[in-house]
Number of protein chains: 2
Amino acid sequence: MLKGNAVVGQSGGPTAAINATLAGVIRGALEVDAIDTIYGAFNGVEGMLDGRICNLNELASDEVQLSLLANTPAAALGSCRKKLPAPDDESGAPVYEKLLAFFRKYNIRYFFYIGGNDSMDTVAKLTAWLDGGDWEMRVMGVPKTIDNDVAGTDHTPGFGSAAKYIAASMQEILRDTAVYTVKAVTIVEIMGRDAGWLTAAAALPGRICGISPDLVYLPERVFNFDKFYSDVSAALERKPNVVVAVSEGLRLADGSYVGESTQSGAVDVFGHRYLSGTGKTLELAVGGKLGVKHRSVELNILQRCASHLASKTDLDESVAVGRAAVRAAVNGESGKMMCFVRTSDSPYEVDIVSGDIAEIANRIRCVPDEFITPDGCGITDAGIEYLLPLIQGEPELVYENGLPKHFEIKRTNS
Amino acid sequence: MLKGNAVVGQSGGPTAAINATLAGVIRGALEVDAIDTIYGAFNGVEGMLDGRICNLNELASDEVQLSLLANTPAAALGSCRKKLPAPDDESGAPVYEKLLAFFRKYNIRYFFYIGGNDSMDTVAKLTAWLDGGDWEMRVMGVPKTIDNDVAGTDHTPGFGSAAKYIAASMQEILRDTAVYTVKAVTIVEIMGRDAGWLTAAAALPGRICGISPDLVYLPERVFNFDKFYSDVSAALERKPNVVVAVSEGLRLADGSYVGESTQSGAVDVFGHRYLSGTGKTLELAVGGKLGVKHRSVELNILQRCASHLASKTDLDESVAVGRAAVRAAVNGESGKMMCFVRTSDSPYEVDIVSGDIAEIANRIRCVPDEFITPDGCGITDAGIEYLLPLIQGEPELVYENGLPKHFEIKRTNS
């Protein structure tokens, strides 16, 4: 058994579940004999390079703290977007040497990196650089992303909570927009640059309570303004209040983003790309072309940090995948990413396995054709069946003075 | 005792608590001998004019249904923005005659109108028109508005829930934006065209958990771009991630809205008023002037319909004020609005009283000077003491298949 200490870091965009995975890694590390001390690196690899670390055995050692940590949004250790140089690039060697010095100084034999594609890239490169050297250690990646677009896993930790927030907010928006009798169109913009998983979740209220956005557009389908006007007009014939869910990543046939579009007369006042957003663009297009009341709502970063409306299924799985990463590493695995394999939809069951990062990295997993209705603006039953188990359950939140209580890792011993 | 039937309607913008008040009116009506049937008018006065009503004795007669209704956002009966003509305007007489015919047909002796300033205007006008006629009836207004800007009451039903959502979302946004080490400014735009009550609520996390937006700007203070740049720059000296809460209703010295502003070089690409928003304008101004990463988040309609994060204090009070309106009317009052009088901050206690609508209507209640820090960009302890009790408590929500369960009043018998 490889004995020593471990370090865990977080990287990439925040989610409501990334701290649940951190809690899982801490719990896993405290459970195994192979690991003495579990250190936390502030701001991921940045903190390992700067020596900004903390001792997590002390900071998060009891159930109450670990439970609060699991219900705290964003990255408790801070995050980074640092990419490591290619391992075979001589000029990049100093960065790796510095990391190695850090590992030696603290006798780090296990490194767990919780993050998105960039983090998996770091795991792959570090594994390659260490290979054949004299410092034996295990490096494991634990995925997180609300976008759910990572290959090799049924879904990603963090997605279920974001999907639950989106579905619940959509349900509330549908109630809100239904109160007037005047014709109006509401566009709701949802995150997802390349894949429409999150936007698909906006369709969930239809199955659960019978109210649903009228139209759902994913980036997996080329967006066409004429079809859009036609779809919206048809919906307005059926009811006065039309609600449309759109992915931020919608693109036109020429590959440009809808948010950059200047094709519609109503949106050609945008002089700068940063002014536009997909929802705002489509809202103004509707107003200009159809002449009805219009509004757009951008769920923005709220959808990735709303711990107060997290999915218990997601949080429990996020803890479990962190613990599983520790067990896999102690059992000798390295350079791997932990993945979910769904073994059953009903009852919903998943296994946690490790996958080879090299085969997983840099591939975007899109919403499959069978989840999108033939008209290109709806989600099929198969899609709903896939999504539904992921938003189930509500964590028991601790409220203090009216607000959910969070766990904060102080930077005192950094 | 005036015996007969009652009608209740909802009007104005949705809130998370307007259905709690509806549940209170229904409960109150079922409790008193004076009222046989409580009808619901769909889309407020519109439904009374069109005969679109429902029998609420049947639709919402048990505790389970009334409890679900109280936890359902937006107006279950639908809303309207209809204003009645002046009672002394001859040309408007047909509208009143039509309402009177409706009252006679259904033997309506009690009318409860839940809404904002427009609804109170309707109550005042209808009371005046009925005065001296041969149809005896009682008309009562029950205020609701997330904006909290109604005079004559300590606060308005609906405000506490919106404030809790804003405070909780701000807490999550503060965690989310704190994860990186790169300098960045996040502007959070909060509703409030004339008064800054909702924006002030964004400061609550500072008292509760020690993290707070760095700057808070209310419409009660003239906005000045130079001071803003100076405030933000100073904040960026202290920490990398600066979060600013702003009211949508911020105005410059010339009275124009910041969201329409073309004074800053960074924002002069806006050609149309509908393109701008206060948050977006200030975000782009920060990017242009200070050259740091920037983002804006508009809480939008989510802040008024987020029943999943409602304040139990607000919902309980909203039910209570609906019941109190029924009791007051049965006791002979008419042409009144129900108000809260705070009798103690700690422990928090309120009395419900009726106030004369004529003295209340058309006055905006702004955030008082003693709640705003002298530098104009923060909330004082006194302000926090006022706000804190209003967000306390969490209702017991019923979840079904992952989403909060709502109560829907079907339009079948309309």
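About the criteria used
- Here, residues in each chain are numbered from 1, in the same order as that chain's written sequence.
- Labels follow written order: the first chain is A, the first ligand is 1, and so on.
- Restriction of local features to residues with pLDDT of at least 70 applies here, the model being predicted, together with a cutoff of 80 or more for giving and counting side-chain atom pairs; totals for whole chains, interfaces and linings are based on all residues.
- Neither water nor hydrogens contribute to the side-chain values; these are computed over all heavy atoms in the structure.
- By the convention used here, strands pair only if DSSP detects at least 2 bridges between them.
- Elements are defined by DSSP. Helices are runs of H or I of four residues or more, strands are runs of E of two residues or more, and each kind is numbered from the N terminus.
- Where helices are involved, their axes are fitted lines through C-alpha atoms of the stretch in contact, as for all axes, and angles between N-to-C directions lie from 0 to 180°.
- Only residues with pLDDT of at least 70 in both copies contribute their C-alpha atoms to the least-squares superposition of the copies.
- It only takes one pair of heavy atoms within 4.5 Å for two residues to be counted as in contact.
- Summary of the metric used: pLDDT quantifies the predictor's per-residue confidence within the range 0 to 100.
- Any Lys or Arg side-chain nitrogen found within 4 Å of a carboxyl oxygen on Asp or Glu counts as a salt bridge.
- Think of it in three bands: residues with accessible area under 20% of the maximum for their type are buried, residues over 50% are exposed, and the middle band is partly exposed, with areas taken using a 1.4 Å probe on protein chains only.
- In this analysis, the expected span of each helix is defined as 1.5 Å times one less than the number of residues it contains.
- The rule is short: rings of Phe, Tyr and Trp, with Trp giving its six-membered ring, pair when the centres are within 6.5 Å, and they are stacked under 30 degrees, edge-to-face over 60, tilted in between.
- By definition here, charges over rings are those cases where NZ of Lys or CZ of Arg is within 6 Å of the ring centre and within 35 degrees of the ring normal.

**A few points about the sheet that holds strand E7 (residues 215-217) of chain B**
Residue and element names in this part refer to chain B.
In step 1: Strands sit in the order E7-E8-E6-E9 across an open sheet of four strands; the sheet is parallel. Edge positions in the sheet fall to E7 and strand E9 (293-298), since each has one partner strand and no second. Across the sheet, the mean angle separating the axes of adjacent strands is 15° when strand polarity is ignored.

**A short note on the relation of the copies chain B and chain A**
In step 1: Superposing chain B onto chain A requires a rotation of 180° together with a translation of 0.0 Å along the rotation axis, leaving an RMSD of 0.0 Å. Such values leave the two copies arranged in the relation of a two-fold axis.
In step 2: Taken together, the interface assignments show that 98% of the residues at the interface of chain B recur at the interface of chain A, consistent with an identical surface on both copies.

**Considering the confidence of the model for chain A**
In step 1: Averaged over every residue, the pLDDT of chain A is 92; the share at 70 or more is 95%.
In step 2: Contacts for the low-pLDDT stretch residues 262-275 of chain A, under 50 throughout, to residues beyond four places or in other chains number 34 contacts.

**A short note on the pattern of salt bridges**
In step 1: Counted according to the given criterion, the structure contains 46 salt bridges over all chains.
In step 2: Here Glu394 of chain A ties to Lys164 of chain A by a salt bridge, and the two come within 2.7 Å at their closest N and O atoms. Within this pair, whereas Glu394 of chain A is found in the loop between helix H15 (381-387) and strand E12 (399-400), its partner Lys164 of chain A is found in helix H7 (residues 159-177), the two being separated by 230 residues in sequence.
In step 3: By relative accessible area, Glu394 of chain A is classed as partly exposed at 29%.
In step 4: Overall, Lys164 of chain A belongs to the buried group, its relative accessible area being 1%.
In step 5: Notably, a salt bridge pairs Arg175 of chain B with Glu408 of chain A, separated by 3.0 Å at the nearest N-O pair. With Arg175 of chain B in helix H7 (residues 159-177) and Glu408 of chain A in the segment after strand E13 (403-404), this residue pair bridges two chains.
In step 6: For Arg175 of chain B, a relative accessible area of 12% gives the class buried.
In step 7: Since its relative accessible area comes to 34%, Glu408 of chain A is described here as partly exposed.
In step 8: Each of the salt bridges in this network shares a partner with another, and the network as a whole consists of Glu46, Asp50 and Arg52 of chain A.

**Examining H7 of chain B**
In step 1: Between its first and last C-alpha, H7 of chain B extends 26 Å over 19 residues, near the 27 Å set by a 1.5 Å rise per residue.
In step 2: Among the 19 residues that make up H7 of chain B, 19 are buried, leaving the element largely enclosed by the rest of the structure.

**Examining the packing of aromatic side chains**
In step 1: By the definition in use, this model includes 32 aromatic pairs over all chains.
In step 2: Arranged with centres 5.4 Å apart and planes meeting at 90°, the rings of Phe223 of chain A and Phe225 of chain A form a pair that is edge-to-face.
In step 3: With a relative accessible area of 4%, Phe223 of chain A lands in the buried category.
In step 4: Between Phe371 of chain B and Tyr386 of chain B the ring centres are 5.5 Å apart and the planes differ by 35°, which places this aromatic pair in the tilted class. Here Phe371 of chain B, found in the loop between helix H14 (357-360) and helix H15 (381-387), pairs with Tyr386 of chain B, found in helix H15; they are 15 residues apart in sequence, far enough to count as distant. Accessibility assignment for this pair places Phe371 of chain B and Tyr386 of chain B in one class, buried.
In step 5: Three or more aromatic residues link up through ring pairs in this structure, and these residues are Tyr39, Phe102, Phe103, Tyr106, Phe111 and Tyr113 of chain A.
In step 6: If you follow Arg109 of chain A out to its NZ or CZ, it ends over the ring of Trp135 of chain A, 3.7 Å from the centre.

**With respect to the sheet that holds strand E8 (residues 241-247) of chain A**
Residues and elements named next belong to chain A.
In step 1: With parallel pairing, four strands are arranged side by side in an open sheet as E7-E8-E6-E9. Among the strands making up the open sheet, the edge pair consists of strand E7 (215-217) and strand E9 (293-298). Neighbour to neighbour, the strand axes of the sheet diverge by 15° on average, direction disregarded.
In step 2: The pairing of strand E6 (residues 184-190) with E8 spans seven bridges and is parallel. Across the sheet, residue Ile190 finds its bridge partner in E8, namely Ser247.

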